[in-house]
Amino acid sequence: MDNNLRVERAVNRISQAQLAEAIGVSRQTIFAIENNRFVPSTELALKLSAYFGKTVNELFWLTD
Amino acid sequence: MNQKSFLLPYRCQQAGWWLLGLSLAGFVIFLEFMAGSLDTILQQMPEWMQEPLVWTFYGLPLVALLLICLSREKDEDEYITHLRGRAVFWVVVVGFIAALFSHLFVIVGGRLYPISTVSRFLGYAFYFKSPVVLSIVFLLIFKGTIVVNRITTRHHG
């Protein structure tokens, strides 16, 4: 699974710490998701997509 | 995220670290000021003191380690829960391998080697299965990963 969380963050000009605080997770969690070390739960994926005003599919997608 | 957590509050972890530090400091001070091994020192003590001292020296670090392992982190979220699960997996692997080897030592080793050799290896396997060793393995993997992640995030974040 891949994501464009880093791109969305750059577009919205917010840091990992700011996003983490807004979503209610640690900065390490955002870093781990961006680097594909951790696949978030459905709840966290929904929170992230709602924060950026995107659908979950626009933020996360399956890879081969 | 709204899942029910069976972990103790973060305060218990802080209490666990204090308890571990105090019990280790007490252990070092006790051995430093009194010559000989712990068992010989205990034998020199009055009989009524021996049992509480044994519980203090062997029980306190174990209670402290369990408090640390079974408590929440300060910033517990689903990634921390994921790391905890991974550490628990490796503890199960280590415990299973230790149990497997101790079983093999009895079944196979008992036929091939003298009983003294088998007993020695069984002793090692026993220690690897002990809650203290398994707690330390858990903490090394779990806390180690958290620390490495914090450092990596700081450098690349």
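Rules behind the numbers
- Residues numbered from 1 in each chain as written.
- Chains lettered and ligands numbered in written order.
- Predicted model: local features only at pLDDT ≥ 70, side-chain atom pairs only at ≥ 80, totals over all residues.
- Heavy atoms only, no water.
- Helix = DSSP H or I, 4+ residues; strand = E, 2+ residues; numbered from the N terminus.
- Rg over C-alpha atoms; globule rule 2.2 N^0.38 Å.
- Buried < 20%, exposed > 50% of the residue type's maximum accessible area, 1.4 Å probe, protein only.
- Contact = heavy atoms within 4.5 Å.
- Areas by Shrake-Rupley, 256 points an atom, 1.4 Å probe, with all protein chains shown as cover.
- Lys, Arg positive; Asp, Glu negative; His and termini not counted.
- Charge placed at Lys NZ, Arg CZ, Asp CG, Glu CD.
- Expected span 1.5 Å × (residues − 1).
- Buried area = accessible area lost by both parts, 1.4 Å probe.
- Salt bridge = Lys/Arg side-chain N within 4 Å of Asp/Glu carboxyl O.
- Polar contact = N/O pair within 3.5 Å; in protein donor to acceptor, adjacent residues only side chain to side chain.
- Patch = residues over 30% accessible without salt bridge, like charges linked within 9 Å, V, L, I, M, F, W, Y side chains within 5 Å.
- Core = buried A, V, L, I, M, F, W, Y, C linked by side-chain atoms within 4.5 Å.

### Some thoughts on the overall build of chain A
Item 1. Helices and strands together make up the secondary structure of chain A, namely five helices and two strands.
Item 2. Starting at the N terminus, the α and β elements of chain A follow one another as β-α-α-α-α-α-β.
Item 3. Compactness check: chain A gives a C-alpha radius of gyration of 11 Å against a globular reference of 11 Å for 64 residues, within 12% of the reference.
Item 4. Dimensions of chain A, computed from C-alpha atoms along their principal axes, come out at roughly 30 × 20 × 20 Å.
Item 5. The 64 residues of chain A split such that 44% are buried.
Item 6. In chain A, the proportion of contacts linking residues at least 24 apart, taken out of those at least 6 apart, comes to 58%.
Item 7. As displayed, chain A has an accessible area near 3600 Å², and 49% of this comes from carbon and sulfur atoms.
Item 8. Across chain A, the 7 positively charged side chains and the 7 negatively charged ones have centroids separated by 8 Å.

### Here's the deal with the overall build of chain B
Item 1. In terms of regular secondary structure, chain B is built from six helices and zero strands.
Item 2. Taken from N to C terminus, the helices and strands of chain B fall in the order α-α-α-α-α-α.
Item 3. Radius of gyration (C-alpha) of chain B: 20 Å, far over the 15 Å computed for a compact globule of 157 residues.
Item 4. By principal-axis analysis of the C-alpha atoms, chain B measures approximately 55 × 45 × 35 Å.
Item 5. With 157 residues in all, chain B has 31% of them scored as buried.
Item 6. Once local pairs closer than 6 in sequence are excluded, the contacts in chain B between residues at least 24 apart make up 71%.
Item 7. Summed over its atoms, the accessible surface of chain B is roughly 10800 Å², and 71% of this surface lies on carbon and sulfur atoms.
Item 8. Of the charged side chains in chain B, 12 are positive and 9 negative, and the gap between their average positions amounts to 9 Å.

### So, helix H5 (residues 115–129) of chain B
Item 1. Along its 15 residues, H5(B) runs 21 Å from first to last C-alpha, staying within 8% of the 21 Å computed at 1.5 Å per residue.
Item 2. At its buried positions, H5(B) is contacted by helix H4 (78–112) of chain B.

### Thoughts on the interface of chain A and chain B
Item 1. If you look at the interface, chain A gives 15 residues, while chain B gives 14 residues.
Item 2. Buried surface at the junction of chain A and chain B, both sides included, amounts to about 1300 Å², of which 57% is carbon and sulfur.
Item 3. Its largest share of buried area at the contact with chain B, chain A owes to A:Gln28, A:Phe31 and A:Phe38, together 40% of the area lost on that side.
Item 4. Counting every contact that joins chain A to chain B gives zero salt bridges.
Item 5. The tally of links from chain A across to chain B stands at five residue pairs in polar contact (both at pLDDT 80 or more).

### Details of the side chain of B:Thr153
Item 1. Mapped onto the secondary structure, B:Thr153 falls in helix H6 (residues 131–156).
Item 2. In this structure the side chain of B:Thr153 is engaged in a polar contact, spanning 2.6 Å, whose partner is the backbone oxygen of B:Asn149.
Item 3. Discounting residues that sit within four places of it in the chain, B:Thr153 has contacts with A:Gln16, A:Arg27, A:Gln28 and A:Phe31.

### Side note on the pattern of salt bridges
Opposite charge on two side chains allows them to pair when their charged atoms are near.
Residues and elements named next belong to chain A.
Item 1. All told, the structure shown has six salt bridges over all chains when counted by the stated rule.
Item 2. For glutamate 34, the salt bridge goes to arginine 6, with nearest N and O atoms at 3.4 Å. Taken as a pair, glutamate 34 in helix H3 (residues 27–34) and arginine 6 in helix H1 (residues 5–11) lie far apart in primary sequence, 28 residues in all.
Item 3. Assessed through its relative accessible area of 41%, arginine 6 is described here as partly exposed.

### Structural notes on a nonpolar patch on the surface
Item 1. Together, B:Phe96, B:Ile97, B:Leu100, B:Phe101, B:Leu104, B:Val106, B:Ile107, B:Val108, B:Leu112 and B:Tyr113 make up a nonpolar patch on the protein surface, roughly 960 Å² of accessible area in all.
Item 2. By the element assignment, B:Leu112 lies in helix H4.

### Observations regarding the nonpolar core
Taken as a class, soluble globular proteins show a tendency for nonpolar side chains to be buried jointly.
Item 1. Among the nonpolar cores identified, the biggest contains 32 residues, and A:Leu5, A:Leu19, A:Ile30, A:Ile33, A:Leu48, B:Phe138 and B:Phe142 are the most heavily contacted of them.
Item 2. Broken down by secondary-structure element, the contributors of at least two residues to this core are helix H2 (16–23), H3 and helix H4 (42–52) of chain A together with helix H3 (47–69), H4 and H6 of chain B.
Item 3. Per element, the largest residue contribution to this core is six residues, and it comes from H6(B).
Item 4. Each residue touching B:Phe142, except ones within four places of it in the same chain, is listed here: B:Glu73, B:Ile80, B:Leu83, B:Arg84 and B:Ala87.

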